[in-house]
Amino acid sequence: MILHVKSVLTFVMAAYCVSSIHVSMAEETIPESSKPVTEQLVNTLTKLSGGPHAGFRANHAKGLVVKGDFTPAATAASITKAVHLQTAVTPVTVRFSNATGVPNIPDADGNAFPKGIAIRFQLADGSYTDIVSISVNAFPAATPEDFLGLLNAVAASGPEAAKPSPVEQFLGSHPAALKFVTTPKPAPVSFATQAFYGVNAFKFTNAKGEVSYGRYRIEPVNGQQFLSKTEQEKAAPDYLMQELPARLMKEAASYRISVQLADAGDEVNNATVIWPDTRRVVELGTLTIRTVDADGKTFEKNNMFNPLVLVDGIEPSADPILLARPSAYAVSYGRRLSGQ
């Protein structure tokens, strides 16, 4: 399913209306388990953050919006005919963010990981396409239902929960989730020194009709840099949100965007299955961040990044996590617009 801009607006407004109807008709009378899984995901994320926090995302609430441009590499056309990956430079708007729905979570807090990046490519015809990625090359669940199971287990595992707690039981029976939560997530020196990964695969088609599946990689040109444990413990609550604007006053920050291609037989519809580093990687181009968006707070409230807003030459895989993301985002977006 490819969503273009007009259909996205219709889709989002429909989700918004559904969400509003639920609220106006005493939503609390509807059993939680009877609601769509994507709505339950948003509700549980909101609960975990101590929300609702009016006007903020249910997840990745705290963020920073910047502007720059993307310059395609010559190799990009070998795997896709997507218009923004050919020759012309494309303006971009990028949002970096912390995990959770807590709007003021300290940047170095362990719960603020994984970090997020959302990239909007502003196309020449007035439309756009998005990439949404996280700072860990992994995901804890293969389906929205399993992801909801993990979140509900966390929510039920308060200090008074019996041992083994619900989350301990869940992790004991879900190895991908256990691997995800135990994977080290060091605090970066800067958003400019943090790599990001697309955990969902997409189908890429070039001008010859040749098809390949791949996952995005967004890596700082100058390499990754992380704080020491001591530095992380002493970091100011907003150190990342303050560091990047200061850095951009001196110089631009650049990332190399590439696609790791699947080999025949690789699993392309399961976000918990990570491909070996030996898989071929094709460079798509260079993302250059130049300035902070002066209207970033307004932009992030009024816009929803959507990984299924695609152009000819890129299609979604059948990954159920990928296909569920726009619906969950739309629920959160509708609530954000209505001040919930």
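Scroll up to find the structure this text is about.
Since the structure is predicted, the reported quantities are computational estimates derived from the model, not experimental observations. (Residues numbered from 1 in each chain as written. Predicted model: local features only at pLDDT ≥ 70, side-chain atom pairs only at ≥ 80, totals over all residues. Heavy atoms only, no water.)

Trainee: What is the right way to read helix α9 (residues 320-337) from this model?
Mentor: Residues spaced three or four apart along an α-helix face the same direction, because each turn holds 3.6 residues. Spanning 18 residues, α9 covers 26 Å between terminal C-alpha atoms, matching the ideal 26 Å at 1.5 Å per step. Across the 18 residues of α9, 13 count as buried, placing the element largely inside the fold. Put simply, Asp319 is the residue that caps the front of α9, since its side-chain oxygen is 2.9 Å from the backbone nitrogen of Ile321. Where α9 terminates, the next one or two residues include Gly339, which has phi positive at roughly 80°. (Helix = DSSP H or I, 4+ residues; strand = E, 2+ residues; numbered from the N terminus. Expected span 1.5 Å × (residues − 1). Buried < 20%, exposed > 50% of the residue type's maximum accessible area, 1.4 Å probe, protein only. Polar contact = N/O pair within 3.5 Å; in protein donor to acceptor, adjacent residues only side chain to side chain.)

Trainee: Can you walk me through the packing of aromatic side chains in this structure?
Mentor: The final tally for this structure, using the stated rule, is 9 aromatic pairs. Both rings, one in Phe96 and one in Phe191, keep their centres 4.9 Å apart while their planes meet at 15°; by these two values the pair is stacked. Taken together, the residues Phe96 in strand β2 (residues 90-97) and Phe191 in the loop between α5 (175-182) and β5 (196-197) connect sequence positions 95 residues apart. Across the pair, Phe191 and Phe96 agree in class, each one buried. (Phe/Tyr/Trp six-rings, centres within 6.5 Å; stacked < 30°, edge-to-face > 60°.)

Trainee: Sorry if this is basic, but what is going on with the pattern of salt bridges here?
Mentor: A side chain of one charge can pair with a side chain of the opposite charge if their charged atoms are brought near each other. Enumeration over the complete set of coordinates arrives at 16 salt bridges. With a closest N to O distance of 3.0 Å, Lys35 and Glu32 form a salt bridge. Looking at Glu32, the relative accessible area reads 33%, which means it is partly exposed. Measuring nitrogen to oxygen at the nearest pair gives 2.9 Å for the salt bridge that ties Asp130 to Arg120. Here Asp130, found in strand β4 (residues 128-134), pairs with Arg120, found in strand β3 (residues 116-122); they are 10 residues apart in sequence, far enough to count as distant. Given the relative accessible area of 4%, Asp130 is considered buried. For Arg120, a relative accessible area of 3% gives the class buried. (Salt bridge = Lys/Arg side-chain N within 4 Å of Asp/Glu carboxyl O.)

Trainee: It is not clear to me how empty space enclosed by the protein should be interpreted in this structure. Could you clarify?
Mentor: Empty pockets left among the atoms are what a rolling probe the size of a water molecule brings to light. On inspection of all chains with the given rule, the structure shows 3 cavities of 30 Å³ or more. Taken as a whole, the largest cavity holds about 60 Å³ of empty space. Forming the walls of the largest cavity are Asp130, Ile131, Val132, Ser133, Gly198, Val199, Asn200, Phe202, Tyr216, Pro307 and Arg325. At 4 residues, the largest contribution of residues to the lining of the largest cavity is made by β4. Residue classes in the lining of the largest cavity are distributed as 6 nonpolar, 3 polar and 2 charged. (1 Å grid on protein atoms, 1.4 Å probe; cavity = no way out; pocket = protein on both sides within 12 Å on 5 of 7 lines; lining within 4 Å. Points joined across faces, edges and corners; volume = space filled by probe spheres on them. Nonpolar A, V, L, I, M, F, W, Y, C, P; charged D, E, K, R; others polar.)

Trainee: I would appreciate a short explanation of the environment of Tyr239 in the present structure.
Mentor: In this fold, Tyr239 is placed in helix α7 (residues 239-248). Of the residues examined, Tyr239 reaches a relative accessible area of 11% and is grouped as buried. Through-space distance from the C-alpha of Tyr239 to that of Asn303 is 25 Å; in sequence the pair is 64 residues apart.

Trainee: In this structure, what is going on with the layout of surface pockets? I would like to understand it.
Mentor: When its volume is computed, the largest pocket comes out at roughly 1,400 Å³. For the largest pocket, the lining is made up of 49 residues, of which Leu45, Asn59, His60, Ala99 and Phe147 are closest to its centre. Those elements giving two or more residues to the lining of the largest pocket turn out to be α2 (37-48), β2, β3, β4, α3 (144-155), α4 (166-173), α5 and α9. Classifying every residue of the lining of the largest pocket by side-chain character gives 33 nonpolar, 11 polar and 5 charged.

Trainee: Help me out: how do you make sense of the side chain of Arg279 in this one?
Mentor: Examined against the element boundaries, Arg279 turns out to sit in the loop between β8 (253-261) and β9 (281-292). For Arg279, a relative accessible area of 16% translates into the label buried. Discounting chain neighbours no more than four positions away, the residues touching Arg279 are Gln260, Leu261, Asp263 and Asp266. (Contact = heavy atoms within 4.5 Å.)

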